[in-house]
Amino acid sequence: MSLKALIFDVDGTLADTEEAHRCAFNESFAEHGLDWNWTKPLYAELLLTTGGKERIAAYINTLNLPAERRAQMLAQIPALHAAKTQRYMQIVQSGGIPLRDGVERLLGEARASGVALGIATTTSLQNIVALLAKTLGPDALGWFQAVSAGDDVPRKKPAPDVYLDALRKLGLSPSECVALEDSANGLRAAKAAGLFTIVTPSYWTSGEDFSAADLVLPSLGPCARPLAHRPGMLPGGMELRIEEIEDKLSKARMCA
Ligand code: XBP
Ligand code: MG
C-alpha cells in the first residue's frame, strides 16, 4: 500500500468546532468585562487568522484605541485565551460537539488496514485531547502516531510547519501520506508540505478557494450531493473509503 498515513486537521475537519470556539471567545470576553461580541459574520472574517491568540490580536488591531490602551489589551491576550480554552473544553466535555460524518468510520478503516494516523492542527493539545476523549473514548489519543499542535511549531497555518512536524514524527515522506482539511489556510499548509490533500469544507469555509485541492467532498460520509465545479469529486451517494484514497494517491503519484 503506497498510503502510509492519514494526517487530519482538527477544527472543521474532525468536528465542526468553530461555533463552540466562537461562544467560548465571547464568554471569555464578557468574563473579563469586555463588550466585544464576535458575531457569526465577524467570526467568519476573523477565522482567516489562524490561532486563537493571533485572532484576538488581529481583532484588537482593528479597534480604534489609544496606543496605551491597545498595549494593555494586547497584554491581556494570554489570560483571555486561557479562559476561552477552559470554557471551550467545558463545551466539548458537555458532549456538544460530535465528529463530522464519516470521520470515525475512516479512522477505523485506517487502523484496520495498518495506515498510521496523524494530527496537524492550529489549536492546542488540550483541546485535541478533550475532543478525542469525548467523541472516541479515553484511549483515542493513542490511535495517533503523530500529533502536531499550533504551539509546537514556529509558524501556524497556512505555513506548512505543523504538517512538516507531523511527517517528521511519523518518519514518513509527503508522498506516502494524505492530508484532510476544511479550510483554504489548511489546504495551503498541506500543499506547501507536499501532501495530497482532501478537503471537506465546513459551514465557515464553504466559500473559500479549494482549486488546489486533490479532492473536495461535502463530507467523509455518504455524499448527499457532490460539490459542483470541484476537482475530483465522487459521484453522489458514495463515501470515501481507505482503498479509494490509496487508489487516488497512487494515481496522483504516477502523474507527478
Ligand atoms: C483552527 C484554528 C484554531 C481554532 C481555535 O485550527 O485556527 O485557532 O479556531 O483554537 P485547525 P485555539 O488548524 O484545527 O483548523 O483558540 O486553540 O487556537
Ligand atoms: Mg480546520
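About the criteria used
- Counting restarts for each chain, with residues numbered from 1 along the sequence as it is written.
- In the order they appear in the text, chains get letters beginning with A and ligands get numbers beginning with 1.
- Residues qualify for local features only when their pLDDT is at least 70, as the model is predicted, and side-chain atom pairs are given and counted only at 80 or more; totals for whole chains, interfaces and linings, by contrast, use all residues.
- With hydrogens and water set aside, each side-chain value is computed from the structure's full complement of heavy atoms.
- Partly exposed residues are those whose accessible area sits between 20% and 50% of the maximum for their type, while under 20% is buried and over 50% is exposed, using a 1.4 Å probe and protein chains only.
- Here a helix means four or more residues in a row that DSSP labels H or I, a strand means two or more in a row labelled E, and each is numbered from the N terminus.
- Should DSSP find at least two bridges between two strands, the strands are taken to pair.
- For this purpose, a residue is taken to be near a molecule or strand whenever a single non-hydrogen atom of the residue falls within 4 Å of it.
- Definition of a polar contact: a pair of N or O atoms within 3.5 Å, with one able to donate and the other able to accept a hydrogen when the atoms are protein atoms, and with sequence-neighbouring residues admitted only if both atoms are side-chain atoms.
- With residues, only the protein chains shown are counted as cover, and all accessible areas are computed by Shrake-Rupley using a 1.4 Å probe.
- Under the scheme applied here, ten amino acids are nonpolar (Ala, Val, Leu, Ile, Met, Phe, Trp, Tyr, Cys and Pro), four are charged (Asp, Glu, Lys and Arg), and all others, including Gly, are polar.

Chemist: Looking at this structure, I do not really get the pairing of strand S5 (residues 196-199). What am I missing?
Modeler: When a strand is regular, its side chains alternate between the sheet's two faces. Both faces of S5 are covered, namely the face carrying Phe196 and Ile198 and the face carrying Thr197 and Val199. Of the strand pairs in this sheet, strand S4 (residues 177-181) and S5 are connected by four bridges, and their pairing is parallel. Its bridge partner lying in S5, Leu180 is registered against Ile198. Both S5 and strand S6 (residues 215-216) contribute to a ladder of two bridges, which runs parallel. The residue bridging Ile198 from the neighbouring strand is Leu215, located in S6.

Chemist: Looking at this structure, I do not really get the site of ligand 1. What am I missing?
Modeler: If you check the shell around ligand 1, you find 20 residues, and the closest are Gly52, His81, Lys84, Thr121 and Thr123. Between ligand 1 and Arg55, the relevant distance is 2.8 Å, taken from an oxygen atom to a side-chain nitrogen or oxygen of the residue. Between ligand 1 and His81, the relevant distance is 2.7 Å, taken from an oxygen atom to a side-chain nitrogen or oxygen of the residue. For ligand 1, whose unbound accessible area comes to 440 Å², protein coverage reaches 95%. Counting residues per element, the ones that place at least two in the shell around ligand 1 are helix H1 (18-31), helix H3 (52-60) and helix H5 (77-93). Ranked by the residues each element gives to the shell around ligand 1, the list is headed by H1, at three residues. A per-class count over the shell around ligand 1 returns four nonpolar, 10 polar and six charged.

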